Amino acid sequence: MQGGFGKLAWAALALIGAVCFATVALRRGESINALWIVTAAVAIYLVAFRFYGRYIARNVLQLDATRATPAFVHNDGLDYVPTNRHVLFGHHFAAIAGAGPLIGPVLAAQTGYLPGTLWLIIGVVLAGAVQDFLVLVISSRRDGRSLGDLVREEMGQAPGTIALIGTFLIMIIILAVLAMIVVKALAESPWGMFTVIATIPIAIVMGIYMRLIRPGKIAEISIGGFVLLLSAIWFGGEVAAHPTWGPVFTFSASQITWMLMAYGFVAAVLPVWLLLAPRDYLSTFLKIGTIFALAIGILIVMPELLMPALTTFTDGSGPVWKGSMFPFLFITIACGAVSGFHALISSGTTPKLLANETDAQFIGYGGMLMESFVAIMAMVAASIIDPGVYFAMNSPAAIIGTDAATVAATVSSWGFVVTPDVLTATAAEIGENSILSRSGGAPTLAVGIAQILHSILPGEGMMAFWYHFAILFEALFILTAVDAGTRAGRFMLQDLLGNFLPALRRTNAWGPNLIATAGCVGLWGWFLYQGVTDPLGGINMLWPLFGIANQMLAGIALMLCTVVLFKMKRDRYAWVSIVPAVWLLICTTAAGWMKLFNPNPAVGFLAQANRYRHAISADELILPSADMGAMQQVMISNYINAALTSVFMFVVFAVLLYSIKAIVRARSVGVRTDRETAYVAFQPQEAKA
Amino acid sequence: MDAPLMDFGFISIGRNVWRRLVQGARLCCGVPDYDNYVRHLVQEHPERPVPDYATFFRERLNARYRGGRGTRCC
């Protein structure tokens with residue numbers, strides 16, 4: 001779109017975005033339609049992509065269409081393959097989309113939809129998409145090396161190792177928090193439990209078919225698997241209603257925790273083709289398919305947002321998570337606005353597949369905009385639910401009580417009027433025994449998704465079907481992430497421990513394999529168990545830890561980008577990564593500091609630990625802990641969480657110091673000092689590939 | 001004179017879109033384009049044997065979950 005018409009069209013789009021954005025931000029007292037948010041987001045994404053994205057591509061990075069990418073230089077047809085940009089976009093998006101952007105906005109909705117929506121849109125444009133794009137280009141110009149390697153090369157051995165250890169810890173926390181979301185969603189839910197258990201035999205059948213009967217035929221067996229999944233959801237309803245089988249599939253949260261740990265261990269040790277790979281395929285397609293269905297659903301249904309733009313909990317007293325909006329809103333939203341984990345994907349398989357450097361804007365910047373859009377949809381799904389139901393589902397039992405009448409009274413007293421009948425009717429409608437204190441975000445999101453899908457495909461009892469479809473969709477890709485993460489963590493741990501005991505490095509031997517897998521499962525299992533048994537709901541405790549860790553990793557990635565820009569002698573443009581890096585450092589260190597030292601026990605880990613320590617020495621029981629042993633456990637968990645937060649803070653400050661050192665050194669010399677691989681021009685026949 | 005009587009361009013466009021979709025879906029599962037790999041082998045490494053699709057698929061599957069690659073996003 002060149003010339004006057006193009007400019008006019010962009011101006012019109014910008015105007016539409018601004019009007020919708022202003023409507024979302026300024027209209028008070030009446031409910032607005034979800035389309036305002038969706039339109040505002042999409043218009044701003046497009047304008048940001050066209051102008052800011054292109055500014056970074058042309059002025060900051062000076063992308064060079066004649067420079068041969070690693071996919072051409074190292075073309076092996078396997079890991080390094082020049083790939084069509086649309087195909088690669090799909091691959092990259094499938095790799096970065098996960099539970100984070102879905103859960104974060106649901107939890108953030110406690111302050112109303114406005115603060116979260118604003119940060120999702122502003123954050124992705126200025127921070128998240130910038131990070132993904134910069135890291136992708138930096139990695140692509142270094143043979144597609146990983147983030148850890150890049151930090152080591154550009155900043156030195158010590159920060160490289162520090163960043164690697166930080167990454168491992170972050171992964172453990174991510175696995176724990178993801179697993180906890182599943183546990184919370186499946187506890188006391190025979191229907192959900194049955195369908196999730198049913199995915200195991202379905203995956204094994206798929207695995208055997210793909211290995212022995214029709215090798216490598218992914219499409220046909222995935223369709224077969226999908227049909228089996230749908231029948232498992234339908235059959236799950238029958239099982240849950242059955243007088244004998246219903247109770248058989250009803251498990252408490254701590255029972256599911258142990259089952260999940262055992263399962264994670266087995267899945268990580270078994271051959272991948274049998275269980276892990278087929279479930280991975282199924283979950284990938286289901287994930288993409290459901291995201292599309294949700295987008296179409298929102299466009300067709302055009303739901304009204306029932307959640308107010310701002311709730312009274314903007315003061316930090318909310319029941320879902322504690323703490324002031326700054327910094328905790330930004331920590332809670334996490335992945336949908338900026339996610340450090342994407343730096344690992346952008347320096348993983350994607351840079352090895354780039355057909356041309358100039359595609360990086362579409363894939364890196366554009367891919368992250370798409371992820372933010374998923375988060376916007378999650379925010380919409382959480383906001384179309386009756387706010388009274390939202391708070392009944394997301395507040396811990398210790399605050400709102402355990403029976404419908406008490407819960408309805410408590411939630412209504414906050415100004416979100418709801419009757420006990422509505423709570424029990426909603427539970428019956430979605431085929432669950434209770435919706436009270438189903439924290440973790442997944443059940444809430446599932447109710448929202450079910451409402452949207454049910455409006456399009458209505459039917460008697462179909463609400464329950466769609467609810468469990470949504471639960472399965474989340475559980476499936478979370479469990480796949482847990483399995484794959486455990487496997488990856490096992491290799492990382494073997495590598496790490498191999499420094500001290502070389503025998504442990506043998507990845508093919510059974511002994512080291514079992515030890516490292518057990519170690520990895522034990523680590524995330526420990527955090528999972530303490531979260532599940534935490535009387536204050538667990539998600540309260542683990543999600544901020546996860547958010548801090550994730551945003552710190554993003555901070556590290558952006559510091560790396562800044563160092564590289566200075567080394568490239570692009571000082572004038574370094575603000576592009578400095579601005580988001582500084583913001584993330586402020587947010588995460590403020591959050592880390594408050595999590596450590598805030599005197600309010602609901603916010604500060606140390607304050608909470610001390611509160612329990614004093615109570616134990618005075619022999620006073622703090623409800624709802626059952627006995628002194630349980631209180632001891634809460635105390636220890638809080639001390640360990642405090643220690644972990646300190647480690648994260650140490651990692652980020654260490655990387656900051658090394659970054660400053662590297663920048664000072666880069667500025668003191670007159671020439672480029674970055675470690676970009678030498679320029680190789682495209683062969684004439686490759687240039688138009 | 002060489003111009004076709006009817007424009008069948010839309011068929012080839014459709015086929016192209018479908019091929020890209022399949023390629024993308026496979027790549028999401030860590031399986032790159034097999035035809036492209038065979039072409040690469042024949043052109044660049046004619047001395048090497050060309051694996052059949054099943055062998056190729058198996059090798060890719062193991063590579064996907066090898067150490068350090070299983071990282072998935074949150």
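Before reading on, note that the structure itself is shown above.
Reading guide: rules and limits
- Numbering of residues begins from 1 in every chain and follows the order in which that chain's sequence is written.
- Chains and ligands are labelled by the order in which they are written, letters from A for the one and numbers from 1 for the other.
- Per-residue local features of the predicted model are confined to residues with pLDDT of at least 70, and side-chain atom pairs are confined, for both listing and counting, to 80 or more; whole-chain, interface and lining totals are unaffected and use all residues.
- Side-chain calculation: all heavy atoms of the structure are included, whereas hydrogens and water are not.
- Numbering goes from the N terminus for both helices and strands, where a helix is a DSSP run of H or I of at least four residues and a strand is a run of E of at least two.
- Type-normalised accessible area, obtained with a 1.4 Å probe on protein chains alone, sets the label of each residue: buried when under 20%, exposed when over 50%, and partly exposed for intermediate values.
- Any pair of residues with heavy atoms lying within 4.5 Å of one another is described as a contacting pair.
- For every accessible area listed, the method is Shrake-Rupley and the probe measures 1.4 Å; residues are considered covered only by the protein chains on display.
- For the radius of gyration, the atom set is restricted to C-alpha positions; the globular benchmark scales as 2.2 Å times the number of residues to the power 0.38.
- Directions pointing from the helix axis toward each C-beta atom define the arc.
- The term buried area means the drop in 1.4 Å probe accessible area that two parts suffer when joined, counted for both and summed.
- What makes a salt bridge here is a side-chain nitrogen of Lys or Arg within 4 Å of a carboxyl oxygen of Asp or Glu, nothing more.
- Two N or O atoms form a polar contact when they lie within 3.5 Å of each other; inside protein one atom must be a possible hydrogen donor and the other a possible acceptor, and for residues adjacent in sequence the pair counts only when both atoms belong to side chains.
- Residues were grouped as follows: Ala, Val, Leu, Ile, Met, Phe, Trp, Tyr, Cys and Pro as nonpolar; Asp, Glu, Lys and Arg as charged; and all remaining residues, including Gly, as polar.
- Residues grouped as a nonpolar core are buried Ala, Val, Leu, Ile, Met, Phe, Trp, Tyr and Cys residues, joined through side-chain atoms within 4.5 Å.
- Between the rings of Phe, Tyr and Trp (Trp by its six-membered ring), a pair exists once the centres lie within 6.5 Å; its type follows the angle of the planes, with under 30 degrees stacked, over 60 edge-to-face, and the other angles tilted.
- Convention adopted: a line fitted to C-alpha atoms gives each axis, helices being fitted over their contacting stretch, and angles between N-to-C directions are expressed from 0 to 180 degrees.
- Throughout this description, any angle smaller than 35 degrees is read as roughly parallel, any larger than 145 degrees as roughly antiparallel, any in the 65 to 115 degree range as roughly perpendicular, and the remainder as oblique.
- Should the near helix be turned counterclockwise from the far one by less than a right angle, the crossing is left-handed, whereas a clockwise turn marks it as right-handed.

J.: Sorry if this is basic, but what is going on with the overall build of chain B here?
T.: Check the secondary structure of chain B and you find three helices and zero strands. Written out in order from the N terminus, the α and β elements of chain B read α-α-α. Per-residue burial over chain B gives 36% buried out of 74 residues. For chain B, contacts bridging at least 24 residues in sequence account for 30% of all contacts bridging at least 6. When the accessible surface of chain B is totalled, it reaches about 4900 Å², and 58% of it is carbon and sulfur.

J.: Help me understand the overall build of chain A, please; the structure alone is not making it clear to me.
T.: Along the backbone of chain A there are 27 helices and zero strands. For 689 residues, the compact-globule estimate of 2.2 N^0.38 gives 26 Å, and the C-alpha radius of gyration of chain A, at 25 Å, lies within 12% of that figure. By its C-alpha atoms, chain A is 70 × 65 × 60 Å across when sized along the principal axes. Burial analysis of chain A (689 residues in total) assigns 61% to the buried set. Residue pairs at least 24 apart in sequence account for 81% of intrachain contacts in chain A once pairs closer than 6 positions are excluded.

J.: Can you help me understand helix α7 (residues 147–155) of chain A in this one?
T.: One turn of an α-helix holds 3.6 residues; hence residues three or four places apart share an orientation. Residue and element names in this part refer to chain A. Restricting attention to buried positions, one finds in α7 the residues L147, G148, L150, V151, E154 and M155. Down the axis of α7, the sector holding all buried residues measures 165°, keeping them to one side. Those residues of α7 hidden inside the fold are in contact with α6 (113–140), α8 (157–186), α15 (341–346), α24 (539–567) and α27 (628–668). Two residues or fewer after α7 comes G156, characterised by a positive phi angle close to 125°.

J.: Sorry, what's going on with the environment of A12 of chain A here?
T.: For A12 of chain A, the position within the fold is in helix α1 (residues 3–26). A12 of chain A sits 31 residues away from A43 of chain A along the chain, and the two C-alpha atoms are 9.7 Å apart.

J.: Would you mind going over the environment of I333 of chain A with me for this structure?
T.: All names here are of chain A. With respect to the helices and strands, the residue I333 is situated in helix α14 (residues 325–333). With a relative accessible area of 0%, I333 lands in the buried category. Placed 232 residues apart in sequence, I333 and P101 show a C-alpha to C-alpha distance of 7.4 Å. Residues within four places of I333 in sequence aside, it is in contact with G104, P105, A108, G116, W119 and L120.

J.: What exactly am I supposed to notice about the interface of chain A and chain B here?
T.: It is common to give the size of an interface as the accessible area that goes away when the parts come together. Chain A puts 50 residues into the contact, and the matching count from chain B is 33 residues. Interface area, chain A with chain B, both sides summed: about 3400 Å², of which 67% is carbon and sulfur. Across the contact surface, chain A and chain B share two salt bridges. For D280 of chain A, the salt bridge is made with R64 of chain B, and the minimal N-O distance between the two is 3.0 Å. Linking chain A with chain B are eight residue pairs in polar contact (both at pLDDT 80 or more). For the side of chain A that touches chain B, the elements supplying multiple residues, two or more each, are α4 (85–96), α5 (100–108), α8, α9 (190–213), α13 (276–301), α15, α22 (462–498) and α24 of chain A. Looking at which element gives the most residues to the side of chain A that touches chain B, the answer is α22 of chain A, with seven residues. Along the lines of polarity and charge, the residues of the side of chain A that touches chain B split into 29 nonpolar, 16 polar and five charged.

J.: How should I be thinking about the nonpolar core in this particular structure?
T.: As a rule of thumb, soluble globular proteins bury nonpolar side chains together. All names here are of chain A. Counting residues in hydrophobic clusters, the biggest one holds 247 residues, and the most contacted among them are I56, Y113, F133, Y365, L423 and W524. Among the elements that line this core, the one with the most residues is α24, at 21 residues. What F133 contacts, discounting residues up to four positions off in sequence, is G53, I56, A57, L61, L63, A360, Q361, G364 and Y365. The next biggest cluster of nonpolar side chains, apart from the first, holds eight residues, and it includes Y612, I616, M631 and V634.

J.: Which parts of the structure should I look at to understand the packing of aromatic side chains?
T.: For any pair of aromatic rings, the description rests on two quantities: the centre-to-centre distance and the angle between the ring planes. Residue and element names in this part refer to chain A. Within the structure shown, the criterion is met by 35 aromatic pairs over all chains. Seen in terms of ring centroids, W543 and F546 are 4.6 Å apart; in terms of plane orientation they differ by 55°. Their pairing is tilted. Highlighted residues: W543 and F546, both in helix α24, separated by three residues, approximately one helical turn. The exposure class of W543 is buried, given its relative accessible area of 3%.

J.: What is the right way to read the packing of α8 of chain A against α22 of chain A from this model?
T.: Think of two packed helices as two axes; the pair is described by the angle between the axes and how far apart they sit. Residue and element names in this part refer to chain A. Close contact between α8 and α22 brings their axes to 9 Å; oriented N to C, the two are set at 150°. Compared by their axis directions, α8 and α22 come out roughly antiparallel. Read as a crossing pair, α8 and α22 show a hand that is left-handed. Taking contact as the criterion, the partners of L164, T167, F168, M171, L175, L178, A179, I181, V182, A185 and L186 in α8 are, on α22, I471, A475, I478, L479, A481, V482, G485, T486, A488, G489, M492 and L493. Of the residues that constitute the contact of α8 with α22, the class distribution is 19 nonpolar, four polar and no charged.

J.: I keep staring at unusual backbone geometry and nothing clicks. Help me out?
T.: With glycine set apart, most residues show a phi of negative sign, and most peptide bonds adopt trans. Residue and element names in this part refer to chain A. Cis rather than trans, the peptide bond between F326 and P327 has omega equal to 0°. As for its placement among the helices and strands, P327 is situated in helix α14. You will see that S437, though not glycine, has its phi angle at about 55°, which is positive. Structurally, the position occupied by S437 is in the loop between α20 (420–429) and α21 (442–456). Of the residues examined, S437 reaches a relative accessible area of 22% and is grouped as partly exposed. A positive phi angle, close to 65°, is found at K569, a residue other than glycine.

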